[in-house]
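Tertiary structure, described
So the chains spell out like this:
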Amino acid sequence: MHKHRQRHIKTYLNIEKPAAKGQHLLHHEPVIHDMIGIAGVTTADTVLDLGAGRGAITFPLAKKAGRVLAIENDAAFAATLRQKAVPGSNVAVIERDIREAYLPNEPFHVVANIPFFMTTFILEKLLDPPGSPFQGAVLIVQHGAAKGFTARQIRSPRLLKWRMWFDFELVKVVPRRHFSPPPQVDAAVLRIRRRKTPWLQTQHHHAFGGLAEYALNEPALPVCEALAGIFTPVQIRHLLQQIRVKRNTPVCLLRERDWAAVFDTMREKVPSYRWPKATTKKRSAR
């Protein structure tokens, strides 16, 4: 089906460029309390602090949440966390690399100052597939990454998939001076919430991934070209009338609701053997 359109599928997402592969500890208490307030967790909630450090977020969070899982790979930091977590408290310290940590089987939230260089990996672990027990997060990420995740243009197939099921919001900028050691760039508070009404049903996650990879392989292409090979010219014309988009509009400017209409039209009008297949594998953190 797609032989006339041989494309190299590019890396999904490369928004963050870390200043250093290490944790920048957040020490500004007002930002920490803002994050916990934004998360809106209650005593009924299980909350993860990924890259907990010395517990600057962990222990204020424990005053609001029912249970806090503090995941920290650094042995010294983990020892400090255990000393602070009094016996019988609602804080469990897990000394393990985030990449190897198991996520809860029950619904959970995340409030954390995550290692910048692991941003994409962590989001993939939390959001993919969308049917996981993950409910939402308030995270410290690089400011540039937060802008990319919330941008009007959606140029990454992975990000597009995430945004069909989750809402991303850049809440506030966090100056680099609020960290020790200070990163080379400012950070931001990024809020991620599971959509109450997702644009697609969870069972369509893999099939939509194939469409996203195919159509966004060249994000600047006009919609009519990006969708060629999936739809006939007549189908494309009717689809563009339905979503009220001009044929020369760059495909990266389609909104989530437009993508839902594109996918529904593909399911209805295009035989499944002609649907583009998802080929990109999960990327390991580096």
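Described in the following lines is the structure provided in the data block. Note that this is a predicted model, so its numbers are computed, not measured. (Residues numbered from 1 in each chain as written. Predicted model: local features only at pLDDT ≥ 70, side-chain atom pairs only at ≥ 80, totals over all residues. Heavy atoms only, no water.)

1. Brief notes about the overall build of the chain
- Per the secondary structure count, the chain includes ten helices and nine strands.
- Residue burial in the chain is summarised as follows: out of 286 residues, 51% are buried.
- Within the structure as shown, the chain displays about 13,800 Å² of accessible surface, and the carbon and sulfur contribution to it stands at 51%. (Helix = DSSP H or I, 4+ residues; strand = E, 2+ residues; numbered from the N terminus. Buried < 20%, exposed > 50% of the residue type's maximum accessible area, 1.4 Å probe, protein only. Areas by Shrake-Rupley, 256 points an atom, 1.4 Å probe, with all protein chains shown as cover.)

2. A short note on the pattern of salt bridges
- One pass over the structure, following the stated rule, counts twelve salt bridges.
- Its salt-bridge partner being Glu106, residue Arg67 comes within 2.5 Å of it at the nearest N-O pair. Separated by 39 residues along the polypeptide, Arg67 in strand E3 (residues 67-72) and Glu106 in the loop between strand E4 (91-95) and strand E5 (108-113) bring together distant segments of the chain.
- The class for Arg67 is partly exposed, based on a relative accessible area of 35%.
- In the salt-bridge network here, residues are joined through shared partners; they are Arg163, Arg195 and Glu256. (Salt bridge = Lys/Arg side-chain N within 4 Å of Asp/Glu carboxyl O.)

3. Thoughts on the nonpolar core
- With 64 residues, the main nonpolar core has Val110 and Phe168 as its most contacted residues.
- Per-element accounting of this core gives the leading share, six residues, to helix H10 (residues 256-269).
- Sequence-distant contacts of Phe168, that is, excluding residues within four places in its chain, are made with Leu123, Leu127, Phe149, Thr150, Leu159, Trp162, Arg163, Leu190, Arg191 and Ile192.
- Among the nonpolar cores identified, the runner-up in size contains 26 residues, and Val31, Ala65, Val68 and Ala70 belong to it. (Core = buried A, V, L, I, M, F, W, Y, C linked by side-chain atoms within 4.5 Å. Contact = heavy atoms within 4.5 Å.)

4. Here we look at the sheet that holds strand E2 (residues 46-50)
- Strand order in the open sheet formed by seven strands is E4-E3-E2-E5-E6-E9-E7, with mixed pairing between adjacent strands. Looking at which strands have only one partner, the edges of the open sheet turn out to be E4 and strand E7 (166-174). Mean inter-strand twist for the sheet, computed between neighbouring axes without regard to direction, equals 20°.
- In terms of strand pairing, strand E6 (residues 134-142) meets strand E9 (residues 187-194) through seven bridges, oriented antiparallel. Bridge pairing links Val141 to Ala188 in E9.
- Packed on one face of the sheet, helix H4 (residues 119-127) meets E2, E5, E6, E7 and E9 and runs near 175° to E6.
- Docked against the sheet, helix H6 (residues 157-165) engages E7 and E9, running at close to 105° with respect to E7. (Pairing = 2+ DSSP bridges. Axes fitted to C-alpha atoms, helices over the stretch in contact; angles between N-to-C directions.)

5. As for the pairing of E5
- Burial of E5 is extensive: five of the six residues sit out of reach of the surface.
- Bridge count between E2 and E5: two bridges; the pairing is parallel. When the bridges of E5 are listed, Val47 appears paired with His109.
- With six bridges joining them, E5 and E6 adopt parallel strand pairing. Across the sheet, residue Phe108 finds its bridge partner in E6, namely Phe134.
- Read from E5 through H4 to E6, the crossover connection turns out right-handed. (Right-handed = clockwise from strand over helix to strand, strands pointing away.)

6. Looking at helix H3 (residues 75-84)
- For H3, every residue scored as buried is listed here: Phe77, Ala78 and Leu81. Down the axis of H3, the buried set is contained in an arc of 100°. They therefore lie on one face. Exposed residues pointing more than 90 degrees away from the buried face of H3 are listed as Ala76 and Gln83.
- Looking at the buried residues of H3, the elements they touch are strand E1 (25-26), helix H2 (58-62), E3 and E4.
- Of the residues flanking the start of H3, the one acting as N-cap is Asp74, its side-chain oxygen 3.0 Å from the backbone nitrogen of Ala76. (Arc of directions from axis to C-beta. Polar contact = N/O pair within 3.5 Å; in protein donor to acceptor, adjacent residues only side chain to side chain.)

7. Some words on the packing of aromatic side chains
- According to the stated counting rule, one finds nine aromatic pairs in the structure shown.
- Ring plane angle 70° and centroid distance 6.4 Å describe the contact between Phe116 and Phe179, whose orientation is recorded as edge-to-face. Of the two residues, Phe116 sits in the loop between E5 and H4 while Phe179 sits in strand E8 (residues 179-180), which places them 63 residues apart along the sequence. Per residue, the accessibility class of Phe116 equals that of Phe179, and both read buried.
- When the centroid spacing of 5.8 Å and the interplanar angle of 45° are considered together, the rings of Phe134 and Phe166 count as tilted. Note that Phe134 is positioned in strand E6 and Phe166 in strand E7, a separation of 32 residues in sequence. (Phe/Tyr/Trp six-rings, centres within 6.5 Å; stacked < 30°, edge-to-face > 60°.)

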